[in-house]
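# Inside the fold
As a plain string of letters, each chain reads:
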Amino acid sequence: MAGGLVALLDDVAVLARAAAASIDDIGAGAAKAGVKAAGVVVDDAAVTPQYVRSLAAERELPIIKRIALGSLRNKFFIILPAVLLLSQFVPWLLTPILMLGGAYLCYEGAEKVWAKIAHHDAHGAGEEKVQDETTLVSGAVRTDLILSAEIMVITLNEVIDEAFWSRLAILAVVAVVITVLVYGVVALIVKMDDAGLRLSQRSGAVATFGRGLVRAMPVVLTVLTVVGTAAMLWVGGHILLLGTNELNLHFLYEAVHHVEVAAHDATGVLGGLVGWLVNTVASAILGLIVGALVVLVMTFTLHRRRSKPAAATAAATTRTDGIIPAPPSRAAQRRDAPADRAPRG
């Protein structure tokens, strides 16, 4: 009896160690995949505060909460089942899909660069339009669907060799952690100026800190936008670089790898850092080139078609809303005068 109990306890210990090892593997896989998705995460954190920019302060956190819940629904009910089915039955589709997502990231990054150069807001972000909360949340959740899909596909690509249940667990962990991280950071960002304003109403060093916090917020948002744009170009370009190599188009990858190795060997103890910088800069340049080409195509196709109805509407509005029509000429007045008017005299 005692021997059987000892054997049972030994089996339980073995199972516990296996479970602990599995949890460690899941944690390591989630961390590795999360780093790869950093560019999309930063962009998500940079984009979302724009949706609550015109709201009353007391409605900011409730709206962010609704968007975060919509993001979780996107990940668990739409994206997670789709990517798991793809990885299980048609894994060869993942690389092309990932490259399409990488091209989209390049497009987004290049469009933001162009918007900065041309001094206009990408996607018409500068237009202040008051929307009801349901419409606003729906728009934010639709945008999140694209960014979340990129995060999940990047994650899946990093753990594609894992067993099905490990893949499921890693994707679920990444979905929850990244959602909490992104929208937690967004909540801090949008409330930081309010906190600074309250602190500034106190006295002494606390008030000075509060005023500094308020002044720092525009700088923080600017830095976040720049970092997000750079990260999108880097991640998108790197995805395309690796994807072309996996599709047996080796020339780009081999060229970058050759320069990376040469830089690594030439810089001694700093070789690892310099090699990584070379690869990162090359990926960002590739991302900018591809993104610029996509922006060019979109400008002369989709955006032009959209601009024509807008121009027609603007012209009609101008004719009816702000311009006083010129008075008719004397000839027109005589032509339009009633024929049965009594003669003078």
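Residues numbered from 1 in each chain as written. Predicted model: local features only at pLDDT ≥ 70, side-chain atom pairs only at ≥ 80, totals over all residues. Heavy atoms only, no water.

### Describing the overall build of the protein
Within the protein, the secondary structure is distributed over eleven helices and zero strands. Listing the helices and strands of the protein from first to last along the sequence gives α-α-α-α-α-α-α-α-α-α-α. Among the 345 residues that make up the protein, the fraction classed as buried is 31%. The contacts of the protein with a sequence gap of at least 6 include a subset with a gap of at least 24, amounting to 78%. Working note: accessible area of the protein is about 21,000 Å², and carbon and sulfur atoms make up 68% of it. (Helix = DSSP H or I, 4+ residues; strand = E, 2+ residues; numbered from the N terminus. Buried < 20%, exposed > 50% of the residue type's maximum accessible area, 1.4 Å probe, protein only. Contact = heavy atoms within 4.5 Å. Areas by Shrake-Rupley, 256 points an atom, 1.4 Å probe, with all protein chains shown as cover.)

### Things to note about the packing of aromatic side chains
According to the stated counting rule, one finds three aromatic pairs in the structure shown. Taken together, a centroid distance of 6.3 Å and an interplanar angle of 50° make the contact between tyrosine 104 and tyrosine 107 tilted. With tyrosine 104 and tyrosine 107 both in helix H4 (residues 94–118) and three residues apart, the pair spans about one turn of that helix. Tyrosine 104 sits in the partly exposed class, given a relative accessible area of 27%. Residue tyrosine 107 is classed as buried on the basis of its relative accessible area of 8%. Relative to tryptophan 276, the ring of tryptophan 234 has its centre 6.2 Å away and its plane inclined at 75°; by these criteria the two rings are edge-to-face. Residue tryptophan 234 is found in helix H7 (residues 205–246), and its partner tryptophan 276 is found in helix H9 (residues 271–300); the two are separated by 42 residues along the sequence. (Phe/Tyr/Trp six-rings, centres within 6.5 Å; stacked < 30°, edge-to-face > 60°.)

### Describing the nonpolar core
One finds Ile64, Ile67 and Tyr183 to be the most contacted residues of the largest nonpolar core, which totals 18 residues. Of all the secondary structure elements, the ones that give two or more residues to this core are helix H3 (57–89), helix H5 (133–158) and helix H6 (164–200). For this core, the leading source of residues is H6, giving eight residues. Within the second largest apolar cluster, 16 residues are counted, among which are Leu84, Leu98, Leu171 and Met232. (Core = buried A, V, L, I, M, F, W, Y, C linked by side-chain atoms within 4.5 Å.)

### Remarks on H7
In this model H7 runs 57 Å from its N-terminal to its C-terminal C-alpha over 42 residues, within 8% of the 62 Å that 1.5 Å per residue would give. In H7, a bend of some 35° at alanine 216 exceeds every other bend along the element, and proline 218, a proline, comes one to four places later. Phi turns positive, to about 70°, at asparagine 248, one or two residues after H7. (Expected span 1.5 Å × (residues − 1). Bend = angle between axes of the 7 residues up to and from the residue.)

### Points about the packing of H4 against H5
Running from amino to carboxyl end, H4 crosses H5 at an angle of 135°, the nearest separation of the two axes being 10 Å. Our classification of the angle between H4 and H5 gives oblique. Once H4 is placed against H5, the crossing between them reads as left-handed. The segment H4 lies against H5, with Leu94, Leu98, Gly101, Gly102, Tyr104 and Leu105 engaging Ile146, Glu150, Val153, Ile154, Leu156 and Asn157. Its residues placed into classes, the contact of H4 with H5 shows eight nonpolar, three polar and one charged. (Axes fitted to C-alpha atoms, helices over the stretch in contact; angles between N-to-C directions. Parallel < 35°, antiparallel > 145°, perpendicular 65-115°, else oblique. Left-handed = near helix turned anticlockwise from the far one by under 90°. Nonpolar A, V, L, I, M, F, W, Y, C, P; charged D, E, K, R; others polar.)

### Quick look at H3
Along its 33 residues, H3 runs 48 Å from first to last C-alpha, staying within 8% of the 48 Å computed at 1.5 Å per residue. In H3, a bend of some 40° at isoleucine 79 exceeds every other bend along the element, and proline 81, a proline, comes one to four places later.

### Points about unusual backbone geometry
Phi at asparagine 248 is positive, roughly 70°, even though this residue is not glycine. Mapped onto the elements of the fold, asparagine 248 is located in the loop between H7 and helix H8 (251–266).

### Some remarks on the packing of H4 against H9
At a closest axis distance of 7 Å, the pairing of H4 and H9 adopts a crossing angle of 80°. Here H9 runs roughly perpendicular to H4, going by the angle between their axes. Residues Cys106, Tyr107, Ala110, Glu111 and Val113 of H4 form the contact with H9, whose participating residues are Gly287, Leu288, Val290, Gly291, Ala292, Val294, Val295 and Met298. Grouping the constituent residues of the contact of H4 with H9 by class yields ten nonpolar, two polar and one charged.

### What to know about the confidence of the model for the protein
Across the protein, the average pLDDT comes to 75, with 68% of residues at 70 or higher. The weakest mean pLDDT in the protein belongs to helix H1 (residues 2–36) at 46; the strongest belongs to H8 at 91. Confidence over residues 124–128 falls short of pLDDT 50; this stretch has five contacts with residues more than four positions distant or in other chains. (pLDDT = per-residue confidence, 0-100.)

### A short note on the pattern of salt bridges
Under the criterion given, the structure shown has two salt bridges. Note that glutamate 60 is salt-bridged to lysine 191, the shortest N-O span being 3.5 Å. A residue pair is termed long-range when its members are at least 10 positions apart, and glutamate 60 in helix H3 and lysine 191 in helix H6 qualify at 131 residues. Among the salt bridges present, the one from lysine 191 reaches aspartate 194, with a minimum N-O distance of 3.0 Å. You can see lysine 191 and its partner aspartate 194 sitting in helix H6, three residues apart, about one turn around the helix. Three or more residues joined by partner-sharing salt bridges are found here, namely Glu60, Lys191 and Asp194. (Salt bridge = Lys/Arg side-chain N within 4 Å of Asp/Glu carboxyl O.)

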